[in-house]
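A structural walkthrough
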Amino acid sequence: MGMLVFLFAISIILCSSLIYFVEKGELDPDGFYYRDDGSKSLFTSIPEAMWWSIVTMMSVGYGDMVPVTTIGKLIGCLLSFLSMGVLALPISIIGANFQQLYSSEQRKRRAEQQKENITSSFQKFRDNLAHHSSLMQDVLLLAKMKHSILMVSEPPNPTPFFLCMRSLFSLRIRCPFNLCTF
């Protein structure tokens, strides 16, 4: 950014000085500058020529100060093209870099949010799994302890679910899965 301001200032000072010396004309005894065609020059000092340079660089000019000599017009063209190199290109590069950095930050923020969502979902899953696992272990333990007093005939290879349901039926307790009451 500092380089942009430096190049802008150098361009303004250089072109203002050039246009002043080309367009000022001859000094009249009453203190005014007159051009070769007899018209009064509007470029009476370098600071006033800076106004023309700034307006020409930042836009296409207001038309309040216009060079009339061929060399002055060439300096105006040079300044217009110089403004594209000094202002337009660096500003577009700065804008593109800003967009790239902004997109990168947005991607990082989204990735962190997804990581937090996945972490919290995993925590909930783990907690639910631990809760259901402990319920299942309790039911299976209860089924093993009460296995000897059950009066239901067993299949040849009873599954843990069968044993669990048989024990719940024989104990007449509420099913932990809230499916039914025995």
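In this report, we go over the structure that sits alongside the text. (Residues numbered from 1 in each chain as written. Predicted model: local features only at pLDDT ≥ 70, side-chain atom pairs only at ≥ 80, totals over all residues. Heavy atoms only, no water.)

1. A few points about the overall build of the protein
Which entries qualify depends on this criterion: Only DSSP runs of H or I reaching four residues or more are called helices, and only runs of E reaching two or more are called strands; each is numbered from the N terminus. Only the protein chains shown count as cover for residues, with accessible areas throughout obtained via the Shrake-Rupley method and a probe of 1.4 Å.
When helices and strands are tallied, the protein shows four helices and two strands. Ordered by position in the sequence, the α and β elements of the protein form the string α-β-β-α-α-α. Counting every atom, the protein has about 13200 Å² of accessible surface; 66% of that belongs to carbon and sulfur.

2. Concerning the environment of isoleucine 54
So the rule is basically this: Buried means the residue's accessible area, taken with a 1.4 Å probe over protein chains only, is under 20% of the maximum for its type, while exposed means over 50%, and partly exposed covers the values in between.
Its location among the elements puts isoleucine 54 in helix 2 (residues 46-58). Among the residues examined, isoleucine 54 registers a relative accessible area of 35% and is labelled partly exposed. Taking the C-alpha atoms as reference points, isoleucine 54 and cysteine 15, 39 residues apart in sequence, are found 9.6 Å from one another.

3. Focus on the pattern of salt bridges
This is how the line gets drawn: Salt bridges are identified by distance alone: a Lys or Arg side-chain nitrogen within 4 Å of an Asp or Glu carboxyl oxygen.
According to the stated counting rule, one finds two salt bridges in the structure shown. Notably, a salt bridge pairs glutamate 23 with arginine 35, separated by 3.5 Å at the nearest N-O pair. One end of the pair, glutamate 23, is in helix 1 (residues 2-23); the other, arginine 35, is in the loop between strand 2 (33-34) and helix 2, with 12 residues separating them in the sequence. For the pair glutamate 23 and arginine 35, a shared accessibility class is recorded, and that class is buried. Among the ionic pairs, lysine 108 bridges to glutamate 105, the shortest N-O distance being 3.9 Å. Linking lysine 108 with glutamate 105, this pair stays in helix 3 (residues 70-145), spanning three residues, or about one helical turn.

4. Some words on helix 1
The criterion, for reference: Given the number of residues in a helix, its expected span is that number minus one, multiplied by 1.5 Å.
With 22 residues, helix 1 should cover 32 Å at 1.5 Å per step; its first-to-last C-alpha distance of 31 Å lies within 8% of that length. Directly beyond the C-terminal end of helix 1, a positive phi value near 80° is found at glycine 25.

5. Quick word on the environment of threonine 69
Spelled out, the test is: By definition, residues are in contact when any of their heavy atoms lie within 4.5 Å.
Assignment of secondary structure puts threonine 69 in the loop between helix 2 and helix 3. Residue threonine 69 is classed as partly exposed on the basis of its relative accessible area, which comes to 29%. Threonine 69 sits 46 residues away from glutamate 23 along the chain, and the two C-alpha atoms are 6.9 Å apart. Ignoring anything within four residues of it in the chain, the contact list for threonine 69 reads Val22 and Glu23.

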